[in-house]
Amino acid sequence: MPRLTAALLSHLLVAAAAAAQTPATLDSIDRYVRTEVTRYRIPGLSLAVLRGDSVVLARGYGYANVEHRVPATDSTVYQSGSVGKQFTAAAIVMLAEQGRLSLDDSIARFLPDGPATWRGITIRHLLTHTSGIADYTDSTLDTRRDYTEAELVRLAAKQTGAFYGDFLKDHVFRPLGMRTTRIISEADIIPNRAAGYHLVNDTLKNQDWVSPSLNTTADGALYFTVRDLAHWAIGLNHWKIPSRAGLEASWTPVRLNSGGTYPYGFGWQATQQRGYRRIGHGGAWQGFRTAIQRYPDFDLTVIVLDNLEQSLPEAMAVTIAGILEPRLTPPHMLRRAPSEVQPPQPIDRLLQDIAAGVETTHLTPGLKAFISDPLRESVGRRLKGAQGWTFVGCDPVEGRGISRLGTQVVQMCYARGLGAAPNSLVTVLYGADWRAAGFDFYSY
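A brief report on the enclosed structure follows.

The rules behind each value
Residues numbered from 1 in each chain as written. Predicted model: local features only at pLDDT ≥ 70, side-chain atom pairs only at ≥ 80, totals over all residues. Heavy atoms only, no water. Disulfide = S-S within 2.5 Å. Helix = DSSP H or I, 4+ residues; strand = E, 2+ residues; numbered from the N terminus. Pairing = 2+ DSSP bridges. Salt bridge = Lys/Arg side-chain N within 4 Å of Asp/Glu carboxyl O. Buried < 20%, exposed > 50% of the residue type's maximum accessible area, 1.4 Å probe, protein only. Axes fitted to C-alpha atoms, helices over the stretch in contact; angles between N-to-C directions. Parallel < 35°, antiparallel > 145°, perpendicular 65-115°, else oblique. Contact = heavy atoms within 4.5 Å. Nonpolar A, V, L, I, M, F, W, Y, C, P; charged D, E, K, R; others polar.

Here the focus is the state of the cysteines. For the structure shown, the criterion picks out one disulfide. Between the sulfur of C394 and that of C413 lies a disulfide, 2.1 Å long from S to S. For the disulfide bridge between C394 and C413, the dihedral angle about the S-S bond is near 110°, and by the sign convention the bridge is right-handed. Pair noted here: C394 is in strand 15 (residues 388–396) and C413 is in strand 18 (residues 411–418), with a separation of 19 residues, a long-range link.

Taken in spatial order, the seven strands line up as 3-2-1-14-13-12-11 in an open sheet, and their pairing is antiparallel. The open sheet is flanked by strand 3 (70–71) and strand 11 (269–273), the only strands paired with a single partner. In terms of strand pairing, strand 1 (residues 44–51) meets strand 2 (residues 54–65) through eight bridges, oriented antiparallel. Residue pairing across strands places S46 opposite G60, the latter belonging to strand 2.

Moving on to the pattern of salt bridges. Applying the stated criterion across every chain yields a total of 18 salt bridges. For R41, the salt bridge identified is with D202, shortest N-O distance 2.8 Å. With R41 in the loop between helix 2 (23–39) and strand 1 and D202 in the loop between strand 6 (197–200) and strand 7 (203–206), the pair connects residues that are 161 residues apart, well separated along the chain. A relative accessible area of 38% places R41 in the partly exposed class. Put simply, R327 and E325 hold a salt bridge, and the shortest N to O gap is 2.9 Å. Overlapping salt bridges, with partners in common, bring together D30, R34 and R59 in one network.

This brings us to the packing of helix 3 (residues 85–97) against helix 6 (residues 164–176). Running from amino to carboxyl end, helix 3 crosses helix 6 at an angle of 80°, the nearest separation of the two axes being 10 Å. In terms of orientation, helix 3 and helix 6 fall into the roughly perpendicular class. Contacts between helix 3 and helix 6 pair F87, T88, A91, M94 and L95 from the former with Y164, F167, L168, H171, V172 and F173 from the latter. Among the residues forming the contact of helix 3 with helix 6, the class breakdown is nine nonpolar, two polar and no charged.

Right, let's talk about unusual backbone geometry for a bit. Going from I241 to P242, the amide bond is cis rather than trans, its omega being 5°. Of note in this structure, R41 is not a glycine but carries a positive phi near 55°. Even without a glycine there, the phi angle at N201 is positive, about 50°.

Strand pairing in a sheet is mediated by backbone hydrogen bonds. Such pairs are either parallel or antiparallel. Spatially, four strands are ordered 15-18-19-20 in an open sheet, and the strand pairing comes out antiparallel. In this open sheet, the two strands that pair with only one neighbour each are strand 15 and strand 20 (436–443). Between one strand axis and the next, the sheet turns through 20° on average, direction left out of account. Sheet topology places strand 15 next to strand 18; eight bridges connect them, and they run antiparallel. In the sheet register, P396 faces strand 18, and the bridge partner there is Q411. Most of the contacts of helix 12 (residues 373–385) go to strand 20, to which it runs at about 50°, and overall it touches strand 15, strand 19 (424–430) and strand 20.

So, in structure tokens, the structure goes:
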């Protein structure tokens, strides 16, 4: 009986959500997107929204290529940025399911020329961004240098096998009908390819040049359209690739050495929006910005791709989800507090203490141990970029199974940081004793 009850409630939830999908709602999304395209001076943007397996909205706005005045459509091809990581993760999980590797293998098995410290790093660590290896774009590689294959091999301590792009084509793209998705190539003729742009001193410029050899790496060097990502979303709905077990593992928050969890899986962020599950990722590379956000509780997927470095497609995706489903209305769009509850310490004061490294009793042990100097500096930049912070409200989420860094979360509270665009929204997650267990920022 409990299983039947849960199934009926789930069906009613999805049915009610679908009923809210009226022409007026879709018009509201269209108006919102047009406003954001103008606000951020986005040259071109493509959008797709799915309810289950049905594409209820797919269209383009502005220009895929400004110089040639080529309109953006749902067939425009964009660079993936880090949204491509979920495809690399799917390939790795498939190889693990085939017994060709284990997620708990040391990377030294495949990269024996690496430093001794790599012996304690596993493939799982790489997938969940918990390896401790620095971001190569920070200093390791010169993105304007065209490295030879041998140099890249030495830099990554890599033993080459099959090219990952060929594996994805054969095992992911082709089976799902993703006809245009492929590895980036500056040389090939690619129909409907968008140009990437960025703003320099308020003037639109072409994207920075990156050497071709660095535009084929597995961290996000893909081309795709919103239509192809819709095929990907439908495949995920049916647990096709890599498998149900593989996807559930990919969408499970990583367990840290401390025993607590953090909301990142295998190439996917596994977090919440107003207390409901949100599984997604954003990407940014070479004048392109991308986002895919999935809401399993509402059978909803939102995909936003555009060609401006300074745009905010993730904020657009979460706002579009809120237009379709009011329970997902993102905190920065709330007109009134969802409850009368307030944390005992103002959120901006909590952030100030974190940024300054002040010893405080308002943090859980897990969060205290997690905060690093770079994270403090990041919080400090957010504080400096806002002229003031306004409390938005709190959502009670006790019983929803939300955990952060070893603490069960019972309240999610929000504050807006207003100033020069973009503005900031911070979500602070609290345990039952009102100590902060974690916090997340997004720009809007």
